[in-house]
Amino acid sequence: MAHSKRSREICNVLFLCVAWYIVSSTNNVIGKTVLNEFPYPLTMTMVQLLSITILSGPLFNLWGIRKYVDISWNYYWKLIVPLAFGKFMASVLSHVSIWKVPVSYAHTVKATMPLFTVILSRLIMGEKQTLKVYISLIPIIGGVAIATLTEISFNMVGLVCALISTAGFSLQHIFSKKVLKDTKVHHLRLLHILGRLALIMFLPIWLYADFLNVIQDKAKTYQNYRIIILLFLDGVLNFLQNVIAFSVLHMVTPLTYAVANCSKRIFVIGLSLFILGNPVTSMNVLGMFMAIFGMLYYNKAKYDQRQEEKESILPYAHDWQQDKIAYPITQNGTKYTNGLSNGELNNLNNNFSYNSRTIRSKGNLLLS
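About the cut-offs
Residues numbered from 1 in each chain as written. Predicted model: local features only at pLDDT ≥ 70, side-chain atom pairs only at ≥ 80, totals over all residues. Heavy atoms only, no water. Salt bridge = Lys/Arg side-chain N within 4 Å of Asp/Glu carboxyl O. Helix = DSSP H or I, 4+ residues; strand = E, 2+ residues; numbered from the N terminus. Buried < 20%, exposed > 50% of the residue type's maximum accessible area, 1.4 Å probe, protein only. Expected span 1.5 Å × (residues − 1). Axes fitted to C-alpha atoms, helices over the stretch in contact; angles between N-to-C directions. Parallel < 35°, antiparallel > 145°, perpendicular 65-115°, else oblique. Left-handed = near helix turned anticlockwise from the far one by under 90°. Contact = heavy atoms within 4.5 Å. Nonpolar A, V, L, I, M, F, W, Y, C, P; charged D, E, K, R; others polar. Core = buried A, V, L, I, M, F, W, Y, C linked by side-chain atoms within 4.5 Å. Bend = angle between axes of the 7 residues up to and from the residue. Patch = residues over 30% accessible without salt bridge, like charges linked within 9 Å, V, L, I, M, F, W, Y side chains within 5 Å. Areas by Shrake-Rupley, 256 points an atom, 1.4 Å probe, with all protein chains shown as cover. Phe/Tyr/Trp six-rings, centres within 6.5 Å; stacked < 30°, edge-to-face > 60°. Lys NZ or Arg CZ within 6 Å of the ring centre and 35° of its normal. pLDDT = per-residue confidence, 0-100. Lys, Arg positive; Asp, Glu negative; His and termini not counted. Charge placed at Lys NZ, Arg CZ, Asp CG, Glu CD.

Next up on the list: the pattern of salt bridges. The full count for this structure, using the stated rule, is four salt bridges. Note that E37 and R226 form a salt bridge whose closest N and O atoms lie 2.7 Å from each other. Taken as a pair, E37 in helix α1 (residues 2-37) and R226 in helix α9 (residues 225-251) lie far apart in primary sequence, 189 residues in all. Judged by relative accessible area, E37 falls into the partly exposed class, the value being 31%. For D304, the salt bridge is made with K300, and the minimal N-O distance between the two is 2.9 Å. Of the two residues, D304 and K300 both sit in helix α11 (residues 282-324), four residues apart, roughly one turn of that helix. Classification of D304 as buried rests on a relative accessible area of 17%. Taken together, the shared-partner salt bridges in this structure form one network comprising K132, K300 and D304.

What follows deals with helix α5 (residues 113-125). Helical geometry: 3.6 residues make up each α-helical turn, so side chains three or four residues apart lie on a common side. With 13 residues, α5 extends 17 Å between its outermost C-alpha atoms, agreeing within 8% with the 18 Å of an ideal straight helix rising 1.5 Å per residue. Residues of α5 that are buried: M113, P114, T117, V118, L120 and S121. G126 sits one or two positions beyond α5 and adopts a positive phi of about 70°.

A few words on the packing of α5 against helix α7 (residues 156-183). Where α5 contacts α7, the axes come no closer than 9 Å and their chain directions differ by 50°. Put simply, α5 runs oblique to α7. The two elements α5 and α7 cross, and the hand of that crossing is right-handed. Listed contacts from α7 to M113, F116, T117, L120, S121, I124 and M125 of α5 are L163, T166, A167, F169, S170, L171, H173, I174 and F175. Across the contact of α5 with α7, the residue classes break down as eleven nonpolar, five polar and no charged.

With that settled, the discussion passes to the nonpolar core. Residues W20, V34, F38, I244, V248 and Y257 are the most contacted members of the largest nonpolar core, which totals 35 residues. Top contributing element to this core by residue count: α1, with ten residues. Beyond its immediate sequence surroundings of up to four residues, W20 is in contact with Q241, I244, A245, V248, Y257, A260, N261 and K264.

Let's shift gears to helix α2 (residues 41-62). Given a rise of 1.5 Å per residue, 22 residues ought to cover 32 Å, and the 32 Å separating the end C-alpha atoms of α2 matches this to within 8%. At S56, α2 shows its maximal kink, close to 35°; a proline, P58, follows between one and four residues later.

On the surface, a nonpolar cluster with roughly 430 Å² of combined accessible area is contributed by I119, L123, I124, M125 and L171. The leading source of residues in the nonpolar patch is α5, at four residues. The residue L171 is located in helix α7 in this model.

The subject of this paragraph is the packing of helix α3 (residues 73-100) against helix α8 (residues 187-216). It is at 8 Å that the axes of α3 and α8 come closest, and there the two elements cross at 70°. Classified by the interaxial angle, the pair formed by α3 and α8 is roughly perpendicular. Like other packed secondary-structure pairs, α3 and α8 cross with a definite hand, here right-handed. Residues Y76, I80, V81, L83, A84, F85, K87, F88 and V92 of α3 form the contact with α8, whose own contacting residues are L190, L191, I193, L194, G195, L197, A198, M201, F202 and I205. Residue composition of the contact of α3 with α8, by class: 17 nonpolar, one polar and one charged.

What follows is about unusual backbone geometry. Positive phi values are uncommon outside glycine, yet K184 reaches one of about 60°. The residue K184 is located in the loop between α7 and α8 in this model.

Overall, the coordinates contain nine aromatic pairs when judged by the stated rule. With a centroid separation of 5.6 Å and 65° between ring planes, the pair formed by W73 and Y76 is classed as edge-to-face. Linking W73 with Y76, this pair stays in helix α3, spanning three residues, or about one helical turn. Accessibility expressed as a relative area gives 63% for W73, which makes it exposed. Through successive ring pairs, a cluster of aromatic residues spans W20, Y21 and F267. Just above the ring of W99 sits the side chain of K100; from NZ or CZ to the centre is 4.3 Å.

In this model, the protein carries a mean pLDDT of 79, and residues with pLDDT of at least 70 account for 80%. Here residues 348-368 scores under 50 on pLDDT; set against residues more than four positions off or in separate chains, the count is 35 contacts.

Negative charge collects at one region of the surface, where E127, E308, E309 and E311 lie side by side. Inspection of the secondary structure assignment puts E308 in helix α11.

With respect to the helices and strands, the residue V101 is situated in the loop between α3 and α4 (103-109). Taking the C-alpha atoms as reference points, V101 and F154, 53 residues apart in sequence, are found 6.4 Å from one another. The contact partners of V101, leaving out residues within four places of it in the chain, are K32, A106, S153, N155, G158 and L159.

Structure representation (structure tokens):
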């Protein structure tokens, strides 16, 4: 029975990963196609945020995902609002980068996310990394540098936007970890909250910067239903990509998710090269795969670091637990263990067991 359940879980994860790769690759190819004919990255961001807001609410309610979240206004303004702001800013810059440079090169630049994560975690959270983690950054930096120097369709605006958007996504990952840990909010409900708030914040910017241009450009909108259909598909696929990514993240360990994410990036790069046909050199391809290898090595190094931290913490907690149950004492007909009654000891054991499960489960929710 247990073996059958485990097999079903593996099949579900494999199915979701394949769906993730296909949806993400299709989303990137459609996005690039739309931006080539319809150069309005702000409007594309608006459509995606609108899709998340409209689709996620009813769908998540249908799935029975807990709607009520007890978040104080102080915490809301301190973390949720900046996260929503970062979400639409990173999305806009990501779309500008895909507009200006090939999809394959944009995703190669996004491989620098571990570099930004290490730097920002150190500056914001004061986290220190192991030597293996720092070494893993070398092939990432080297691979992106080689890909940049050999990129035939290089564009400085595209490179800068890709780097800034990657830094923005890194910040989102860091603070999303904190929100998930602090509020216990469901990961998909957090997606809905951020998408809705980002839409409200981004709407005035879009109306000012892009609305009139899109309305006046009738040749590319109202008279060309193909663009409208592709924009709609891009929004739906972006929503599905977010839902699948969060679901995979919830079902597997951080290392498995990180490896799956790297594999997805390789799949996106390969499919975009095949379908869109942008020219590349052998050195360009070498740089891409060097950066991807660096990402894989980084994720393995981070996993080893987490395991070492758990081994250094959990045995100490276990020894402390054993000390509490080592010496039974009976006084006035009541049995005590190290000064605790049986009821108090049971509460102590239950709390320890709950905390131990919490430590293990939270690892499956954190973004890497």
